[in-house]
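# Survey of secondary and tertiary structure
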Amino acid sequence: MGEDVWATLSAIEHALLICAQEATGILPYAEADIDESEDYEQADLVRGVLGLVDHGWVQVHRIVPWTSPEGRRGLTYGPPIPREQLPSILEDPATWDDPEDAR
């Protein structure tokens, strides 16, 4: 992706794409990375994710339980969620909650 494309991204798209490129890639972390002065609503986050998916730049996965061959339990990415299912999933506020945050 060239610098000219980066320049066209909104602050939300930029934060989402950076988070997707990092090892975490978890939606709640992307939301936390958006500049606090940015005025946005959840619908803006949904549009941002869908735009990145439509460009083929990201895929969205659920985090699912996993057990290693040694028996250690952890989490991993499940299969990609089909595009047609994403709007309703992303509109659910629980999707944007960190499952490891006890708040």
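Please refer to the structure higher up on the page.
How each quantity is defined
Residue positions are counted from 1 within each chain, in the order its sequence is given. Totals for whole chains, interfaces and linings use every residue, but because this is a predicted model, local features are given only for residues with pLDDT of at least 70 and side-chain atom pairs only at 80 or more, for both listing and counting. To get the side-chain values, take all heavy atoms of the structure and skip hydrogens and water. The secondary structure listing takes helices from DSSP runs of H or I that are at least 4 residues long and strands from runs of E that are at least 2 residues long, numbered from the N terminus. Note on classification: 1.4 Å probe, protein chains only; a residue is buried when its accessible area is under 20% of the maximum for its type, exposed when over 50%, partly exposed between these limits. Two residues qualify as a contact provided that any one of their heavy atoms is within 4.5 Å of a heavy atom in the partner residue. Only the protein chains shown count as covering a residue, and every accessible area follows the Shrake-Rupley method with a 1.4 Å probe. To get an axis, a line is fitted to the C-alpha atoms, and for a helix only the part in contact is used. The angle between two axes follows their N-to-C directions and goes from 0 to 180 degrees. Oblique is the label for every angle not falling under 35 degrees (roughly parallel), over 145 degrees (roughly antiparallel), or within 65 to 115 degrees (roughly perpendicular). Should the near helix be turned anticlockwise from the far one by less than a right angle, the crossing is left-handed, and should it be turned clockwise, the crossing is right-handed. Ten residues, namely Ala, Val, Leu, Ile, Met, Phe, Trp, Tyr, Cys and Pro, are considered nonpolar, four, namely Asp, Glu, Lys and Arg, are considered charged, and the remaining ones, Gly among them, are considered polar. The patches described consist of residues with a relative accessible area above 30% and no salt bridge, like charges being joined within 9 Å and nonpolar side chains (Val, Leu, Ile, Met, Phe, Trp, Tyr) within 5 Å. Basic side-chain nitrogens of Lys or Arg form a salt bridge, by our definition, when they fall within 4 Å of a carboxyl oxygen of Asp or Glu.

Glancing now at the overall build of the protein chain. Of regular secondary structure, the protein chain possesses 5 helices and 2 strands. Overall, the protein chain shows an N-to-C arrangement of helices and strands of α-α-α-α-β-β-α. Within the protein chain, buried positions represent 27% of all 103 residues. By sequence separation, contacts in the protein chain at least 24 residues apart represent 47% of the contacts at least 6 residues apart. Only carbon and sulfur atoms are counted for the fraction: they give 49% of the accessible area of the protein chain, which is about 7100 Å².

Moving on to the packing of helix 2 (residues 11-21) against helix 4 (residues 42-54). In the contact formed by helix 2 and helix 4, the axes pass within 9 Å of each other and the chain directions differ by 60°. As judged from the angle between their axes, helix 2 and helix 4 are oblique. The hand of the helix 2/helix 4 crossing is right-handed. Contacts between helix 2 and helix 4 pair I12, E13, L16 and L17 from the former with D44, L45, G48, V49 and L52 from the latter. For the contact of helix 2 with helix 4, the class distribution of residues is 6 nonpolar, 1 polar and 2 charged.

A cluster of nonpolar side chains, namely I63, L75 and Y77, defines an oily patch on the protein surface of about 260 Å² accessible area. Residue position: I63 is located in strand 1 (residues 61-67).

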